[in-house]
Amino acid sequence: LALLYAIGFLGLIYFYNPAKTADAAAVGVIFDETKDPFQQGKNPADQRPPFSGEYFYNESLPVAFGDWSWGVRNDWASSEAAYEGSFSAKIRFLQQWAGARIAASDIDVSGYDGISLAVNPDSSVGDIYLTLFDTYGHELGRQSLSWYAPSGTLPANTWTVVRVPFSTLFPAGQKMRDITGLSIGSDNPGVAYIDSIHLEQS
């Protein structure tokens, strides 16, 4: 009987290890001995469907994008101001060099010439900067939106449509490649509303 008991006990330990299950549960994963429990979820963008279409923002943030912002407080469906429809993204920059960043799986932009967006900053923000990110999360080009505004500035509390060509958003001398998102940043604390961010053809 003792021998049978010992064999049964060792069999349970071999086929079902409660310590492994408990350790996995403690970090919020379901244990599967055939997989690395920490492999899933390394990159939040991997858990989202691929991006399709042309709009990076229109009434709300598409499910394909994750919020990777820093130093800001975002409301992705603010009804306080809108350029098109009923909602816009309200970005409150809490510190200098803050940015609202959205990230997704690789996006093929080879069929497009640039990005268009509507911006409405308050008087504290001043200029706003647009940055693209490549497959590896590296910044590509940081461009001043006021440079591309029709008046050369971004008037406070007024909607301005800005179109930025990819020829200036990608590093000089380098060909276009897939992007994984963008950031909208400011050097100054303040509030800006952003709407109708989309890829554009000439």
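Since the model is a prediction, treat every value here as computed from it, not as a measurement.

Colleague: Can you help me understand the sheet that holds strand β5 (residues 98-107) in this one?
Modeller: Hydrogen bonding along the main chain pairs the strands of a sheet, whether they run parallel or antiparallel. Ordered in space as β2-β5-β10-β7-β8, the 5 strands form an open sheet in which the pairing is antiparallel. Edge strands, defined here as strands with exactly one partner in the open sheet, are β2 (66-67) and β8 (139-144). Two elements, β5 and strand β10 (residues 179-186), share 7 bridges in a ladder whose sense is antiparallel. Looking at β10, one finds that Ile102 is bridged to Leu182.

Colleague: Looking at this structure, I do not really get empty space enclosed by the protein. What am I missing?
Modeller: Rolled over the atoms, a probe with the dimensions of a water molecule shows which regions are left empty. Within the structure shown, the criterion is met by 1 cavity of 30 Å³ or more. In this structure, the largest cavity spans a volume of roughly 60 Å³. The wall of the largest cavity is formed by Phe56, Tyr57, Leu61, Trp76, Ile91, Ala100, Ile102, Leu182, Ile184 and Ile197. Put simply, the parts of the chain that give the lining of the largest cavity at least two residues each are β1 (55-57), β5 and β10. Considering only residue class, the lining of the largest cavity consists of 10 nonpolar, no polar and no charged.

Colleague: Got a minute to help me understand the packing of aromatic side chains in this structure?
Modeller: The description of an aromatic ring pair rests on the distance of the ring centres and on the angle between the ring planes. Counted under the stated rule, the structure contains 6 aromatic pairs. Taken together, a centroid distance of 6.3 Å and an interplanar angle of 40 degrees make the contact between Tyr57 and Trp76 tilted. With Tyr57 in strand β1 and Trp76 in strand β3 (residues 72-78), this residue pair connects regions lying 19 residues apart in the sequence. Of the two residues examined, Tyr57 and Trp76, each falls in the buried class. Taken together, the aromatic side chains of Phe51, Phe56 and Phe65 make up a single cluster linked through ring pairs. Lying across the ring of Phe133, Arg101 places its NZ or CZ 3.7 Å from the centre.

Colleague: Sorry, what's going on with the pairing of strand β4 (residues 88-93) here?
Modeller: Regular strands place their side chains on alternate faces of the sheet. Judged by how many residues are buried, β4 sits mostly within the fold: 5 of 6 residues are covered. Inspection of the sheet shows β3 paired to β4 by 5 bridges, in the antiparallel sense. What sits directly across from Val72, in β4, is Phe93.

Colleague: Would you mind showing me how to read the pairing of strand β11 (residues 190-200) here?
Modeller: Taking burial as the measure, the 11 residues of β11 include 10 buried ones, the bulk of the element. Sheet topology places β1 next to β11; 2 bridges connect them, and they run antiparallel. Across the sheet, Tyr57 pairs through a bridge with Ile197, a residue of β11. Bridge analysis of β4 against β11 gives 5 bridges, and the strand direction is antiparallel. In the sheet register, Ile91 faces β11, and the bridge partner there is Ala192.

Colleague: Hey, could you run me through the side chain of Thr180 in this one?
Modeller: Tracing the backbone shows Thr180 in strand β10. A distance of 2.8 Å separates a polar atom in the side chain of Thr180 from the backbone oxygen of Asp134. The contacts of Thr180, once residues within four sequence positions are left out, are Ile102, Ala103, Ala104, Ser105, Asp106, Phe133, Asp134 and Thr135.

Colleague: Help me understand unusual backbone geometry in this model?
Modeller: The general pattern is negative phi for most residues beyond glycine and trans for most peptide bonds. At Trp97, a residue that is not glycine, the phi angle is positive and equals roughly 60 degrees. Structurally, Trp97 can be placed in the loop between β4 and β5. In this structure Trp97 comes out as exposed when scored by relative accessible area, which is 54%. Residues other than glycine seldom take positive phi values, yet Asn157 does so here, at roughly 60 degrees. Structurally, Asn157 is set in the loop between α3 (145-148) and β9 (160-165).

Calculation notes
Along every chain, residues carry numbers that run from 1 in the direction the sequence is written. Under the rules for a predicted model, residues below a pLDDT of 70 receive no local features and side-chain atom pairs below 80 are neither given nor counted, while totals for whole chains, interfaces and linings still include all residues. Each side-chain value is worked out from all heavy atoms of the structure, with water and hydrogens disregarded. Two strands are counted as paired when DSSP detects at least two bridges linking them. Numbered from the N terminus, helices here are DSSP runs of H or I no shorter than four residues, and strands are runs of E no shorter than two. Grid points spaced at 1 Å over the protein atoms alone were grouped into cavities, where a 1.4 Å probe fits but cannot get out, and pockets, open sets with protein on both sides within 12 Å along at least five of seven lines, with lining residues defined by an atom within 4 Å of a point. Grid points are joined across faces, edges and corners, and a volume is the space filled by probe spheres set on the points. Charged means Asp, Glu, Lys or Arg here, nonpolar means Ala, Val, Leu, Ile, Met, Phe, Trp, Tyr, Cys or Pro, and polar covers whatever is left, Gly included. Two rings belonging to Phe, Tyr or Trp (six-membered ring only in the last case) form a pair when the distance between their centres is within 6.5 Å. Interplanar angles under 30 degrees mark stacking, angles over 60 mark edge-to-face geometry, and anything in between is tilted. Only protein chains enter the accessibility calculation, which uses a 1.4 Å probe; a residue is then buried when its area is under 20% of its type maximum, exposed when over 50%, and partly exposed in between. Whether a charge sits over a ring comes down to the Lys NZ or Arg CZ being within 6 Å of the ring centre and within 35 degrees of the ring normal. Pairing of N or O atoms within 3.5 Å defines a polar contact, subject to two protein rules: one partner must be a possible hydrogen donor and the other a possible acceptor, and residues neighboring in sequence count only if both atoms are side-chain atoms. It only takes one pair of heavy atoms within 4.5 Å for two residues to be counted as in contact.

In short, the description is geometric, and any link to function would need to be established separately.
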